[in-house]
Amino acid sequence: MTLTVHRVSESVSVAGQLAPESMAEAAAAGFRSVINNRPDFEGGPTQPTSASMETAARAAGLEYSFLPVAGNFQSEAEIARFLELMRSMPSPVLAFCRSGARSARLFQAASSQA
């Protein structure tokens, strides 16, 4: 698997859905933390669960956080939590969702509050 990311700042990148095996690749690419913004089973039963992603991330030496948000709306509380995670997790941070768009929107909204 080749990791495809979009850098949105010096310390944050976003990506579409990752697999557990992507965590070792993310660590090898220099990422230190992962934020999963996709709710479990949003894509059906074949989507990796947060638990499986967290296990793989930690095995690869990455910090991991699960902040599931809807694709069409992110609340002020979710945006504030994303900002908190960006500030507190070791960087660089890789945030992912289905396509990367919702993670990018969260980043933009959080950045405007910083």
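Residues numbered from 1 in each chain as written. Predicted model: local features only at pLDDT ≥ 70, side-chain atom pairs only at ≥ 80, totals over all residues. Heavy atoms only, no water.

Asker: Explain the packing of helix α3 (residues 76-88) against helix α4 (residues 101-113) to me, and be specific about the residues and the numbers.
Answerer: Packing of α3 against α4 leaves a shortest axis separation of 9 Å and a crossing angle of 85 degrees. As judged from the angle between their axes, α3 and α4 are roughly perpendicular. When α3 is examined against α4, the residues Glu-76, Glu-78, Ile-79, Ala-80, Phe-82, Leu-83 and Met-86 are found in contact with a partner set consisting of Ser-103, Leu-106, Phe-107, Ala-109, Ala-110, Ser-111 and Gln-113. Of the residues contributing to the contact of α3 with α4, the split by class is 9 nonpolar, 3 polar and 2 charged. (Axes fitted to C-alpha atoms, helices over the stretch in contact; angles between N-to-C directions. Helix = DSSP H or I, 4+ residues; strand = E, 2+ residues; numbered from the N terminus. Parallel < 35°, antiparallel > 145°, perpendicular 65-115°, else oblique. Contact = heavy atoms within 4.5 Å. Nonpolar A, V, L, I, M, F, W, Y, C, P; charged D, E, K, R; others polar.)

Asker: Can you explain the nonpolar core? Please cite residues and give values.
Answerer: Ranked by internal contacts, the top residues of the largest apolar core, which has 16 residues, are Ile-35, Leu-67, Phe-82, Met-86 and Ala-110. The set of elements that each furnish at least two residues to this core consists of β2 (12-15), α3, β5 (93-96) and α4. Element by element, the count of residues in this core is highest for α3, at 5 residues. Those residues in contact with Met-86, other than ones at most four positions away along the chain, are Val-12, Phe-107, Ala-110 and Ser-111. The next biggest cluster of nonpolar side chains, apart from the first, holds 14 residues, and it includes Ala-15, Met-53, Ala-57 and Leu-94. (Core = buried A, V, L, I, M, F, W, Y, C linked by side-chain atoms within 4.5 Å. Buried < 20%, exposed > 50% of the residue type's maximum accessible area, 1.4 Å probe, protein only.)

Asker: Explain helix α2 (residues 50-59) to me, using residue names and the numbers behind them.
Answerer: Buried within α2 we find Ser-50, Met-53, Ala-56 and Ala-57. Down the axis of α2, the buried side of the element spans an arc of 130 degrees, and every buried residue falls inside it. Residues of α2 that are exposed and point more than 90 degrees away from the buried face comprise Ala-51, Thr-55 and Ala-59. In this structure, the buried side of α2 is in contact with α1 (22-28), β3 (33-36), β4 (63-66) and β5. Once α2 finishes, Gly-61 follows within two positions and takes phi at roughly 85 degrees, a positive value. (Arc of directions from axis to C-beta.)

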